[in-house]
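As a plain string of letters, each chain reads:
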Amino acid sequence: CGSGTALGLVRCGLGTRLCQAFTRSRDVADALQCWCQELMNHLARDPTKMIGQCHPSLATSLPNAFPSFNVIELYLHPVITRMNDLAISRDPQPPDTPALTVVMQELLGWEDTTKMLETFRSTIWPAVVLKEIL
């Protein structure tokens, strides 16, 4: 599904309920099956109007093994680099804005230059200015 549909599903509380089903249930398989039924209902009918439209074909096309235990586990417990293993730069450089722009376009699908500029203005430039001040 697209990012708008995914965001609508999160706003419905399905992300939180998926985590709870996976971490707090005695019978995880049964809990995930119930969660998947709830997901299909939201996709097919959009009862909370958080998604903005119905997706009945998407609801019926979910694989039987959805969601995958392994994928949920990776989201809940991502593999990260320990702080001790990170290289520390003695002279940090400003971000490579052309490279960041490419990443935002290719990986995040952001084509809206106004949105990109606003994101840079609100999240990247304050860090650059702070680094220069310090």
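Enquirer: Whenever I open this one, the overall build of the protein chain confuses me. Can you help?
Expert: In terms of regular secondary structure, the protein chain is built from seven helices and zero strands. Ordering the α and β elements of the protein chain from the N terminus gives α-α-α-α-α-α-α. Whereas a compact globule of 134 residues would reach a radius of gyration of roughly 14 Å, the protein chain reaches 20 Å, over 25% beyond that. Principal axes of the C-alpha set define a box for the protein chain whose edges measure 55 × 40 × 20 Å.

Enquirer: Could you clarify how one ought to interpret the nonpolar core in this entry?
Expert: Soluble globular proteins: nonpolar side chains tend toward being buried together. Residues L9, L14, L32, W35, L39 and L43 are the most contacted members of the largest nonpolar core, which totals 17 residues. Elements with a contribution of two residues or more to this core: helix 2 (14–24) and helix 3 (28–45). Of the residues forming this core, the biggest block, seven residues, is contributed by helix 3. Excluding anything up to four places from it in sequence, L9 contacts L14, G15, L39, H42, L43 and I51. Grouped together as the second largest cluster of nonpolar side chains are five residues, M116, F120, I124 and V128 included.

Enquirer: Before we go on, may I ask you to explain the environment of A99 in this structure?
Expert: Looking at the element boundaries, A99 is found in helix 6 (residues 97–106). When its relative accessible area of 36% is taken as the criterion, A99 is described as partly exposed. As for A99 and T16, which are separated by 83 residues in sequence, their C-alpha atoms are 33 Å apart.

Enquirer: Before we go on, may I ask you to explain the packing of helix 6 against helix 7 (residues 113–133) in this structure?
Expert: How two helices pack is summed up by the angle between their axes together with the distance between the axes. The interhelical angle for the contact between helix 6 and helix 7, taken along N-to-C directions, is 125 degrees, at an axis separation of 12 Å. Classed by the angle they form, the pair helix 6 and helix 7 counts as oblique. In the crossing of helix 6 with helix 7, the sense of the turn from one axis to the other is right-handed. Side by side, helix 6 and helix 7 meet where T97, L100, T101, M104 and Q105 of the first sit next to M116, T119, F120, I124 and W125 of the second. Here the residues of the contact of helix 6 with helix 7 are counted per class, giving six nonpolar, four polar and no charged.

Rules used throughout
- Along each chain, residues carry numbers from 1 onward, in the same order as the chain's sequence is written.
- Selection of residues for local features in this predicted model requires a pLDDT of at least 70, selection of side-chain atom pairs for listing and counting requires 80 or more, and totals for whole chains, interfaces and linings are taken over all residues.
- Computation of side-chain values: all heavy atoms of the structure, hydrogens and water removed.
- Secondary structure elements are taken from DSSP: a helix is a run of H or I of four residues or more, a strand is a run of E of two residues or more, and numbering for both begins at the N terminus.
- Only C-alpha atoms enter the radius of gyration, while the globule expectation follows 2.2 Å times N to the 0.38, with N the number of residues.
- In this text, buried Ala, Val, Leu, Ile, Met, Phe, Trp, Tyr and Cys residues form a nonpolar core when linked through side-chain atoms within 4.5 Å.
- Partly exposed describes any residue whose relative accessible area lies between the buried limit of under 20% and the exposed limit of over 50%, with all areas from a 1.4 Å probe on protein chains only and scaled to the type maximum.
- Residue contacts follow a heavy-atom distance rule, with two residues in contact if any of their heavy atoms lie within 4.5 Å.
- A fitted line through C-alpha atoms serves as each axis, taken over the contacting stretch for helices, and the angle formed by two N-to-C directions is quoted from 0 to 180°.
- Angle categories: roughly parallel below 35 degrees, roughly antiparallel above 145, roughly perpendicular from 65 to 115, and oblique for all the rest.
- Crossing handedness: left-handed means the near helix sits turned counterclockwise from the far one by under a right angle, and right-handed means the same turn made clockwise.
- Gly counts as polar in this scheme, as do all residues outside two lists: the nonpolar Ala, Val, Leu, Ile, Met, Phe, Trp, Tyr, Cys and Pro, and the charged Asp, Glu, Lys and Arg.

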